[in-house]
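# Overview (structure and organization)
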Amino acid sequence: MASSLKADLRVSIGSLKLKNPVMTASGTFGYAKEFEPYVNLHRLGAVVVKGISLEPRAGNPPPRIVETSCGMLNAIGLENVGVERFVKEKMVFLQDVNVPVFVNILGDSIDEYRVIAKRLKDVPGIAGIEVNISCPNVKKGGVAFGTIPEMAALVTAAVKEESSVPVVVKLSPNVSDITVIARAVEDAGADAVSLINTLIGMAIDHKSRRPCIANVIGGLSGPAIKPVALRMVYQVAQAVSIPVIGIGGIETYEDVLEFMLAGATAVQIGTANFINPRASEEAVEGLTRYVVDEKLSSIRDVIGGLILP
Amino acid sequence: MSQFQEKTEITRIERLTPDVFRITLESSEIASRARPGQFVMVRTGDGKDPLLRRPFSISQTSSGKYFQILFKVIGRGTSMLAHCREGEYLSILGPLGSGFTFDCKADNCLVGGGMGIAPLLFLGKSMLRNCTLKPPTIVLGARNKEELAPLIKDFKELGLSVYPATDDGSLGTHGLVTDILKGLDLAPTCKMSVCGPTPMMTAVHLFCKKKEISCQVSMETAMACGMGACLGCIVPLAKGGYAHACSDGPVFDAKELLWQVR
């Protein structure tokens, strides 16, 4: 059994030590309780919960999701219970699970990010904050924080000011040069960056002549985006000196290894959780076997170990 | 909540019509715990395309060991399932969601359309087993005789009589299930349980609302995970906002939902 094997899978995200590099991606793992019937949550490196806003959000009208080739397109519309209910209702379960919890936060203004971070400060059981900068800045006319380096830096600095735990900034791939944004948030104090968020896409039903999801456009995820994610992780890992958390189409331990070779210190498993709720735990088991079989002293030996032609 | 992720063996695959299939799977974990109205998420293959699992109602269980799903081939996923062979294994998550509720003291009426008939067989069977009073009234509709006849057969084998309706009149009433309902002498204390295409459920809901009959419906939506994580499977609520078909449903009190009445 892989669970009885001993391997050093520990990695660090800022001051936070994770027992292994496998995290779950925001929006694909609920508030973790949903996966309790299938997964030994304490065996994961960390869980990242569904994005939390200041006020509860009902989300977009249906249909919200559609399957595409090797992937899925979603426009959930950031449905969530809001920060108050999250702290009072959802954190209670998470505090009893021995796994580091990252809270993904989102807002329409820098002030909203700041207020949420302040509310989460000193809540027991929160190991880190992941800042979702892909949502639109309503005050600036709907321009996403994630696409303008100065705005991304301002959000990062505001959250850092209010946080006592590591702050990870989740980057949008829908930009012309992701390394510019990555460097901007690093300079603003981010402890790590996670990437990529979904790629903006679209699906059309030619029979009805309508878009497949009500929001018309949505975020593409799943195996279809893995090559794009790998490329961006590879580029960002060379551009910044803070840890990079790889996300995008990861399902198996082999996928995890590929992202780590490209320079990721840790990874997040997303859409795969929907298909195989045990994907994250199975990836940990696979990494354990790999480290033992390859006689590595640590999984950290893999990070950035890509052999170039 | 008891949910399982299981590799389950296909013990039987039956072709009921050129495009309707029924698969029997072996899993005592799922079969012994499933309640009528619950569903399973089925992986149609090992590859990455199609990527997502497909939700199917459990159409019946037997011996606490076997359960069945019924489906029509409509795309690549269902086509792959139709090509499975006995002895092969399918990855299943379940049983998921809430089930139907039923009251043995009430007159029960089950209304199903097309593949929505599947969970009503399980419900009818449970009623027969648990209720000593009169058996439920069953009204089933489909496009034509070819599609409806094999589905009615299951109910008849249980000793349940069925009022059939077909779009083309090839079996039973030429028309909709609501045409049959209008002719039945249903008590206001009757409990209606419905599963079928949305226009059919909308019509039955409106019929029940007018007659002040209690009505529960099983909703079908696109869903990625089936366990409350993807938030994709929403159904609009009458009071505003949304419920999640997978975790709050799929069975809802029809009055709580927002119906698009055209």
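### Focus on the overall build of chain A
Helix and strand counts for chain A come out as 8 helices and 18 strands. In terms of overall size, chain A behaves like a compact globule, its C-alpha atoms giving a radius of gyration of 18 Å where 309 residues would be expected to give roughly 19 Å. Evaluated residue by residue, chain A yields a buried proportion of 57% over its 309 residues. Put simply, 71% of the contacts in chain A that link residues at least 6 apart link residues at least 24 apart.

### Thoughts on the sheet that holds strand 5 (residues 65-68) of chain A
Residue and element names in this part refer to chain A. If you walk across this open sheet you meet the 4 strands as 5-6-16-13, and the pairing is antiparallel. Unpaired on one side and paired on the other, strand 5 and strand 13 (199-202) mark the two borders of the sheet. Each strand of the sheet is rotated relative to its neighbour by a mean of 40°, with strand direction disregarded. Note: strand 13 against strand 16 (residues 217-221), 4 bridges, orientation antiparallel. Following the sheet pairing, Leu-199 is matched in strand 16 by Leu-220.

### Some details on helix 6 (residues 198-211) of chain B
Residues and elements named next belong to chain B. A rise of 1.5 Å per residue sets the reference length of helix 6, with its 14 residues, at 20 Å; its end C-alpha atoms lie 20 Å apart and thus fit the reference within 8%. Inspection of helix 6 places Met-200, Met-201, Ala-203, Val-204, His-205 and Cys-208 among the buried residues, and these make up the whole buried set. The elements touched by buried residues of helix 6 are strand 8 (108-113), strand 9 (137-142), helix 5 (177-183), strand 12 (191-195) and strand 13 (214-218).

### A word on the interface of chain B and chain A
Between chain B and chain A, the contact holds 23 residues from the first and 28 residues from the second. Of the residues contributing to the side of chain B that touches chain A, the split by class is 13 nonpolar, 6 polar and 4 charged.

### A look at the packing of helix 2 (residues 110-120) of chain A against helix 3 (residues 149-162) of chain A
In a packed pair of helices, the relevant descriptors are the angle between the two axes and the axis-to-axis distance. Residue and element names in this part refer to chain A. Two numbers describe how helix 2 lies on helix 3: the axes approach to 8 Å, and their chain directions differ by 25°. Put simply, helix 2 runs roughly parallel to helix 3. Regarding helix 2 and helix 3, the two cross each other, and that crossing is right-handed. Where helix 2 abuts helix 3, its residues Ile-110, Tyr-113, Arg-114, Ala-117 and Lys-118 lie against Leu-154, Val-155, Ala-158, Val-159 and Glu-162. A per-class count over the contact of helix 2 with helix 3 returns 7 nonpolar, no polar and 3 charged.

### Focus on the nonpolar core
Residues Val47(A), Ile129(A), Val193(A), Val233(A), Val267(A), Val40(B) and Val204(B) are the most contacted members of the largest nonpolar core, which totals 184 residues. If sequence neighbours within four positions are ignored, Val233(A) has contacts with Leu195(A), Val244(A), Gly246(A), Phe259(A), Ala262(A), Gly263(A) and Ala264(A).

### Some thoughts on the confidence of the model for chain B
When pLDDT is averaged along chain B, the result is 94, and 99% of the positions lie at 70 or above. Under the prediction, the complex receives an ipTM of 0.93, its pTM being 0.94.

### A short note on helix 2 of chain A
Residue and element names in this part refer to chain A. Of the residues making up helix 2, those classed as buried are Glu-112, Tyr-113, Ile-116, Ala-117 and Leu-120. Taken down its axis, helix 2 places every buried residue within 130° of arc, on the same side. Directly beyond the C-terminal end of helix 2, a positive phi value near 65° is found at Asp-122.

### Quick notes on unusual backbone geometry
Leave glycine aside and you will find that most residues have negative phi; peptide bonds, for their part, are mostly trans. That bond from Pro62(A) to Pro63(A) is cis: its omega, -5°, falls within 30 degrees of zero. In this structure, Ile196(A) follows Leu195(A) across a cis peptide bond, with omega equal to 10°. Relative to the helices and strands, Ile196(A) resides in the loop between strand 12 (192-195) and strand 13. Of note, Cys70(A) is a non-glycine position whose phi angle comes to about 55°, a positive value. Along the chain, Cys70(A) falls in the loop between strand 5 and strand 6 (71-74). A positive phi angle, close to 60°, is found at Leu231(B), a residue other than glycine. Mapped onto the secondary structure, Leu231(B) falls in the loop between strand 13 and strand 14 (234-236).

Definitions and limits used
Along each chain, numbering runs from 1 in the same order as the chain's sequence is written. The order in which chains are written sets their letters, starting at A; the order in which ligands are written sets their numbers, starting at 1. Since the coordinates come from a predicted model, pLDDT governs what is reported: local features require at least 70, and pairs of side-chain atoms require 80 or more to be given and counted, while whole-chain, interface and lining totals use all residues. Strands are runs of DSSP state E lasting at least 2 residues, helices are runs of H or I lasting at least 4, and numbering of each runs from the N terminus. Radius of gyration: C-alpha atoms only; globule rule: 2.2 Å multiplied by the number of residues to the exponent 0.38. Remark: C-beta atoms are placed from the backbone, and a residue is labelled buried if 20 or more other C-beta atoms sit within 10 Å of its own, exposed if 12 or fewer do, or partly exposed between those counts. Contact between two residues is assigned whenever their backbone-derived C-beta positions fall within 7 Å. We treat two strands as partners when DSSP finds at least two bridges between them. Convention adopted: a line fitted to C-alpha atoms gives each axis, helices being fitted over their contacting stretch, and angles between N-to-C directions are expressed from 0 to 180 degrees. One less than the residue count of a helix, multiplied by 1.5 Å, gives the span that helix is expected to have. In this classification, the charged set is Asp, Glu, Lys and Arg, the nonpolar set is Ala, Val, Leu, Ile, Met, Phe, Trp, Tyr, Cys and Pro, and all remaining amino acids, among them Gly, are polar. Roughly parallel covers angles under 35 degrees, roughly antiparallel covers those over 145, roughly perpendicular covers 65 to 115, and oblique covers all other angles. Take the far helix as your reference; a near helix turned counterclockwise from it by less than a right angle gives a left-handed crossing, and one turned clockwise gives a right-handed crossing. A set of buried Ala, Val, Leu, Ile, Met, Phe, Trp, Tyr and Cys residues, joined to one another through C-beta atoms within 7 Å, is what we call a nonpolar core. Every residue is assigned a pLDDT by the predictor, reflecting its confidence on a scale from 0 to 100. Relevant arc is that of directions from the helix axis to the C-beta atoms, nothing else.

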